[in-house]
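Summary of the model geometry
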Amino acid sequence: GQTDELAAAVAKELCERIPRYRTVPQGELLAGVRVVIETAAAALSEEIREIPEPIKKLADERAEQQFSVTETIGAFLLGMSACRPLFARVVGDDMERFITMTGEVDRRFTSLLLKIIEHYFARLNQRLVRQSEMLGRRNEELSVLRQQLSEQLRSTAGQLADVERLKRAAAQSLRLCD
């Protein structure tokens, strides 16, 4: 119904305004937009004190997909602003009620958005720590490999020197036999 239409419109706008979202499969993108719209709708009737699990999951996915914080938060803001027509439908022609409602939703959403940003940075930090640890392990492996290669190079150089000495000795022996 209306949520699907709104989700499709927001997904289209996301792809136009934030090109990175063109890389997200359409079904996944629409599902994420629906989550934001449902959260916005919930914010109409109640204060959202904790980040809903679907929003956490969405933020986690974007962190793992290496979306920038600007791309991620921009998408949340775009999704929320797209919900303004829903607010207008709820209040009808009562402009004062619309202003009061949007002010309250903005206050609630700002609080939620700050929590989402904190959550997103925590996830991004975890991903970067894991990546740093993995790169540290690889660096250690490369150091060991470099040491082994250096030892093999010294050994091979020593063997070459031995072969050259042996070759000279053999050539000298042959000359003595002549």
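Now for a quick tour of the structure. (Residues numbered from 1 in each chain as written. Predicted model: local features only at pLDDT ≥ 70, side-chain atom pairs only at ≥ 80, totals over all residues. Heavy atoms only, no water.)

**Quick notes on the nonpolar core**
Soluble globular proteins tend to pack their nonpolar side chains together in the buried interior. The cut-off we apply is this: Only buried residues count toward a nonpolar core, which is a set of Ala, Val, Leu, Ile, Met, Phe, Trp, Tyr and Cys residues joined through side-chain atoms within 4.5 Å. Only protein chains enter the accessibility calculation, which uses a 1.4 Å probe; a residue is then buried when its area is under 20% of its type maximum, exposed when over 50%, and partly exposed in between. In this text, helices come from DSSP runs of H or I with a minimum length of four residues, and strands from runs of E with a minimum of two, each type numbered from the N-terminal end. Two residues qualify as a contact provided that any one of their heavy atoms is within 4.5 Å of a heavy atom in the partner residue.
L14, Y21 and F76 are the most contacted members of the largest nonpolar core, which totals 43 residues. Going through the elements one at a time, α1 (2-17), α2 (26-45), α3 (53-64), α4 (69-81), α5 (84-91) and α6 (95-177) are the ones with two or more residues in this core. The element that contributes the greatest number of residues to this core is α6, accounting for nine residues. Residue contacts for L14: discarding those within four places in its chain leaves P19, Y21, L29, V33, A75 and L78.

**Considering the pattern of salt bridges**
This is how the line gets drawn: Salt bridges are identified by distance alone: a Lys or Arg side-chain nitrogen within 4 Å of an Asp or Glu carboxyl oxygen.
Summed over all chains, the structure comprises 14 salt bridges. Between R62 and E28 there is a salt bridge, and its shortest N-O distance comes to 3.4 Å. Here E28 lies in helix α2 and R62 lies in helix α3, a separation of 34 residues in the sequence. Among the residues examined, R62 registers a relative accessible area of 4% and is labelled buried. Taking the shortest distance from any N to any O, the salt bridge between E104 and R108 comes out at 3.0 Å. Of this pair, E104 and R108 both sit in helix α6, four residues apart, roughly one helical turn. Three or more residues are tied together by salt bridges with common partners; here these are E28, K57, E61 and R62.

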